[in-house]
Amino acid sequence: MTMTVTEKILAKAAGMRHVQPGDNIWVGVDILLTHDVCGPGTIGVFEREFGAKARVWNRDKVVIIPDHYIFTADEKAHRNVDTLRTFVKEQGLPNFYDPGTPSYKGVCHVALPEGGHVRPGEVIFGTDSHTCTHGALGAFASGIGNTDAGFILGTGKLLIKVPKTMRFRVNGVVPDYVMAKDIILRIIGDIGFDGASYCAMEFTGPAIHQLSIEERMTICNMAIEAGGKNGIIEADEKTFAYVRARTDKPFEAVYGDPDAHVESERVYDAATLEPCVAEPHVPSNYALCRERTDVQLDRAYIGSCTGGKITDFIAAARLLNGHTVRIPTFLVPATAEVAEALFTEQVGGKSLVQLFADAGCEEIAPPSCAACLGGPLDTYGRTHGNEAVISTTNRNFLGRMGSKQSRIYLASPLSVAASAITGHITDPREFM
Amino acid sequence: MKTILGKVYVVRDDIDTDQIIPAQYLNLVPTIPEEYIKLGSYALCGLPDGYPPFVAQGATRSDYALVIAGRNFGCGSSREHAPIALGAAGIKAVVAESYARIFFRNAISTGELYPFETPQRLCDLFKTGDEVEIDIDGARITRVQTGEHYRLKELGAVAPVVEAGGIFAYARKSGIIS
Ligand code: SF4
């Protein structure tokens with residue numbers, strides 16, 4: 001019997017020769033990721049259920065990356081990071097990226113692959129819905145709640161249902177004005193906000209494999225915005241180069257059978273895709289940038305696990321070079337590695353830091369989730385009024401960036417940069 | 001016959017986890033008892049303006065016992081704070097046309113509430129404040145005043161997990177873990 005890549009990874013993790021959609025199976029977990037928002041509750045569940053003296057099932061497989069509420073005066077937020085610190089110490093966990101120390105990284109979904117914790121063919125669960133990001137490296141990765149994570153901490157296993165696979169094939173060559181964000185927003189627009197509920201979203205085709213690993217992460221990151229259980233792109237030479245540069249742990253890439261049954265297949269031609277936005281308040285509210293130029297904006301935001309990677313800042317910088325922004329433009333590198341690269345990467349002979357300063361952007365924030373999810377009132381970039389924001393983030397839910405009155409338009413870094421220059425939604429081709 | 005009786009609160013499609021519990025309250029840790037109660041007091045406070053208050057000003061629990069919703073209830077974040085906030089506010093069941101996967105799973109794992117699905121669009125047929133009764137085993141919702149009733153999808157294997165109080169209690173009861 002043939003299997004898709006998702007089915008094969010799950011079968012392997014369950015020690016079974018064959019699985020099919022709908023099967024409920026116990027899988028062994030390779031990595032459990034948690035952060036400051038869900039980590040304390042997960043630890044609470046673990047200690048309540050397994051006892052205060054219990055040990056985690058495997059110290060090397062637990063990765064704790066505080067990232068959500070870091071640069072805030074909120075006392076509970078600090079207490080929560082302290083809870084993580086205490087647990088890490090008690091359990092002797094080696095993979096902890098502690099705020100305020102040189103090991104601090106920032107947004108977990110960019111930090112996890114950077115740290116070499118994502119490897120093709122493995123099973124990753126995280127207490128965050130965007131854990132699906134890591135399918136970009138050919139892994140099975142999915143978000144779970146604290147209770148399931150507490151169960152994994154104690155046992156290293158989880159009972160899950162094998163998802164059906166929906167395949168999305170993107171043929172052709174991606175034009176230089178189209179980014180991964182435009183591809184995934186188009187797909188979500190086509191299938192709807194719950195169009196992939198309970199399903200694996202498999203992305204394939206030459207245009208997908210043309211993308212950098214960071215761009216592939218943008219695509220898999222947003223699988224959850226269509227309700228997907230996981231997003232996945234099979235590993236290739238680019239994947240291997242990325243992973244080998246970051247870890248020497250062995251891994252075995254897994255590939256689907258060419259004739260495996262999939263629930264559905266949609267085919268796109270990359271050449272026909274255009275820069276787009278998702279209008280408030282759901283990510284499936286698809287519209288072309290060139291048809292929404294009447295939307296006046298109050299601010300622009302570049303950051304988060306979806307849109308705060310170095311490739312996102314380079315794209316924005318290429319467009320902003322030689323221009324000035326008309327609206328406050330907030331920049332939040334996802335991780336410390338990205339923040340450092342803003343000094344070393346150059347566009348037009350200038351460092352990105354210099355280029356953004358010359359373009360009149362706001363001072364660059366330290367790496368964290370920041371206003372991607374609103375957060376405590378003193379969070380950098382948080383909305384407080386009825387702002388219209390164009391953002392490289394992944395969710396435009398009501399109140400997502402803080403204020404319920406503000407409106408969020410999701411777009412690629414190129415489109416956000418172009419719109420920052422004009423002050424209204426703008427197709428980046430106007431500046432290319 | 002196990003039943004849930006009380007007033008219903010009606011919402012529509014795509015109620016996301018930021019509406020159920022806005023991110024600003026995620027500094028609260030659900031396993032700390034006082035903070036569990038606090039989470040309940042903020043349940044559904046992220047709904048658009050125009051909805052009646054779900055939890056009265058100054059109260060920690062809701063006057064409603066059930067939520068009726070449209071499609072894709074609980075979409076968005078994996079935050080377990082969402083079913084917990086509803087459970088802490090006193091909600092015993094949600095009846096929706098469909099759920100986002102992680103919310104559905106979290107509702108069961110925590111044992112906070114029964115996530116019933118319905119083939120009908122009940123959010124068009126009920127209004128906030130209606131008195132209803134849910135027969136859990138019989139998978140049926142009844143409007144108390146008129147007696148008219150609607151079928152719910154059977155919960156199947158999920159029901160005993162919620163009833164036991166969540167996945168750990170259930171796993172112990174059935175000998176999966178010690
Ligand atoms: S950057 Fe935003 S979407 Fe990504 S993990 Fe942080 S809060 Fe979640």
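On a predicted model such as this, the values are computed, not experimentally measured, just so you know.

Cut-off values and rules
Residues numbered from 1 in each chain as written. Chains lettered and ligands numbered in written order. Predicted model: local features only at pLDDT ≥ 70, side-chain atom pairs only at ≥ 80, totals over all residues. Heavy atoms only, no water. Helix = DSSP H or I, 4+ residues; strand = E, 2+ residues; numbered from the N terminus. Contact = heavy atoms within 4.5 Å. Near = heavy atom within 4 Å. Domains from an automatic or database assignment. Buried < 20%, exposed > 50% of the residue type's maximum accessible area, 1.4 Å probe, protein only. Buried area = accessible area lost by both parts, 1.4 Å probe. Salt bridge = Lys/Arg side-chain N within 4 Å of Asp/Glu carboxyl O. Axes fitted to C-alpha atoms, helices over the stretch in contact; angles between N-to-C directions. Parallel < 35°, antiparallel > 145°, perpendicular 65-115°, else oblique. Left-handed = near helix turned anticlockwise from the far one by under 90°. Pairing = 2+ DSSP bridges. Polar contact = N/O pair within 3.5 Å; in protein donor to acceptor, adjacent residues only side chain to side chain. Patch = residues over 30% accessible without salt bridge, like charges linked within 9 Å, V, L, I, M, F, W, Y side chains within 5 Å. Areas by Shrake-Rupley, 256 points an atom, 1.4 Å probe, with all protein chains shown as cover. Core = buried A, V, L, I, M, F, W, Y, C linked by side-chain atoms within 4.5 Å. Nonpolar A, V, L, I, M, F, W, Y, C, P; charged D, E, K, R; others polar.

(A) Structural context of the environment of L152 of chain B. All names here are of chain B. For L152, the position within the fold is in the loop between strand 7 (149-151) and helix 5 (158-164). Separated by 91 residues in sequence, L152 and R61 place their C-alpha atoms 26 Å apart. Apart from residues lying up to four places away in sequence, L152 is in contact with V95, F116, E117, T118, L122, I134, A139, R140 and I141.

(B) Examining the site of the ligand more closely. Lining the immediate surroundings of the ligand are H68, V107, H109, D128, H130, S304, C305, C369, C372, L373, N394 and R400 of chain A. There are two domains that each give the shell around the ligand at least three residues, and those are domain 1 (5-249 + 263-268) and domain 2 (276-431) of chain A.

(C) Quick peek at helix 5 (residues 146-155) of chain A. All names here are of chain A. Of all ten residues making up helix 5, eight are buried, and the element is well covered by its neighbours. Those residues of helix 5 not exposed but buried are N146, T147, D148, A149, G150, F151, I152 and L153. Just downstream of helix 5, G156 is the residue with a positive phi angle, here 75 degrees.

(D) Just the domain arrangement of chain A, in detail. Residue and element names in this part refer to chain A. You can read the domains of chain A as domain 1 (5-249 + 263-268) and domain 2 (276-431). Spacing between the C-alpha centres of domain 1 and domain 2 amounts to 24 Å. Summed over both sides, the interface of domain 1 with domain 2 buries roughly 3,200 Å², with 65% coming from carbon and sulfur. The interface formed by domain 1 and domain 2 contains two salt bridges.

(E) Local environment of the packing of helix 2 (residues 39-50) of chain A against helix 5 of chain A. Residue and element names in this part refer to chain A. The interhelical angle for the contact between helix 2 and helix 5, taken along N-to-C directions, is 55 degrees, at an axis separation of 8 Å. The orientation of helix 2 relative to helix 5 falls into the category oblique. Crossing handedness for the pair helix 2 and helix 5: right-handed. Of the residues in helix 5, those touching helix 2 at G41, T42, V45, F46 and F50 are N146, T147, A149, G150, F151, L153, G154 and T155.

(F) Representation of the sheet that holds strand 4 (residues 123-126) of chain A within the structure. All names here are of chain A. Ordered by their spatial adjacency, four strands build an open sheet running 3-2-4-5, and the pairing between neighbours is parallel. Looking at strand neighbours, the two that pair on one side only are strand 3 (62-64) and strand 5 (140-143), the edges of this open sheet. Across this sheet, the average inter-strand angle for adjacent strands is 20 degrees, counted without regard to direction. As paired strands, strand 2 (residues 31-34) and strand 3 are joined by three bridges and run parallel to one another. Its bridge partner being in strand 3, L33 is matched across the sheet by V63.

(G) Structural detail: the pairing of strand 6 (residues 140-143) of chain B. All names here are of chain B. Sheet analysis places strand 5 (residues 131-135) next to strand 6, joined by four bridges and oriented antiparallel. Among the inter-strand pairings, V132 is bridged to a residue of strand 6, identified as R143. Bridge analysis of strand 6 against strand 7 gives three bridges, and the strand direction is antiparallel. Following the sheet pairing, T142 is matched in strand 7 by H149.

(H) Looking closely at unusual backbone geometry. Residues and elements named next belong to chain A. Of note, the amide linkage connecting P280 to H281 takes the cis form, showing an omega dihedral of 0 degrees. Among the structural elements, H281 can be located in the loop between strand 11 (276-278) and strand 12 (286-288). Here Y198, not a glycine, exhibits a phi torsion of approximately 70 degrees, which is positive. In this structure, Y198 sits in the loop between helix 6 (180-191) and strand 8 (200-204). The phi torsion at S304 lies on the positive side, around 85 degrees, for a residue other than glycine.

(I) Structural detail: the side chain of H130 of chain A. All names here are of chain A. For H130, the location among the structural elements is in the loop between strand 4 and strand 5. Residue class for H130 comes out buried when judged on its relative accessible area of 4%. Polar side-chain contacts of H130 include one of 3.1 Å to the side chain of N394. Not counting the four nearest positions on each side in its chain, H130 is found in contact with H109, N221, I224, E225, C305, N394 and R395.

(J) Summary view of a nonpolar patch on the surface. Taken together, the side chains of W26 and L159 of chain A together with I176 of chain B present a nonpolar region at the surface, about 260 Å² in accessible area. Mapped onto the fold, I176 of chain B is located in the segment after helix 6 (167-173). With a relative accessible area of 48%, I176 of chain B lands in the partly exposed category.

(K) Broad picture of the nonpolar core. Among the nonpolar cores identified, the biggest contains 131 residues, and F203 of chain A together with F54, F73, L86 and I134 of chain B are the most heavily contacted of them. Structurally, this core is a two-domain feature, drawing no fewer than three residues from each of domain 1 (5-249 + 263-268) and domain 2 (276-431) of chain A. Here F73 of chain B is in contact with V11, I15, I20, V67, L86, V94, A96, S98, Y99, A100 and F103 of chain B, once residues within four sequence places are set aside. Residues A287, A317, A341 and V347 of chain A belong to the second largest nonpolar core, which totals 39 residues.

(L) Quick peek at the interface of chain B and chain A. With 41 residues of chain B at the contact, the number on the chain A side is 49 residues. Across the chain B/chain A interface, buried area totals approximately 3,600 Å², and carbon plus sulfur atoms make up 53% of it. For the chain B face of the interface with chain A, the top three residues by lost area are N27, R101 and F168 of chain B, together amounting to 21%. Linking chain B with chain A are six salt bridges, by the criterion used here. In this structure, the connection of chain B to chain A is made through 23 residue pairs in polar contact (both at pLDDT 80 or more). For the side of chain B that touches chain A, the element with the most residues is helix 4 (residues 101-110) of chain B, which contributes seven residues. Residue classes in the side of chain B that touches chain A are distributed as 17 nonpolar, 13 polar and eleven charged.

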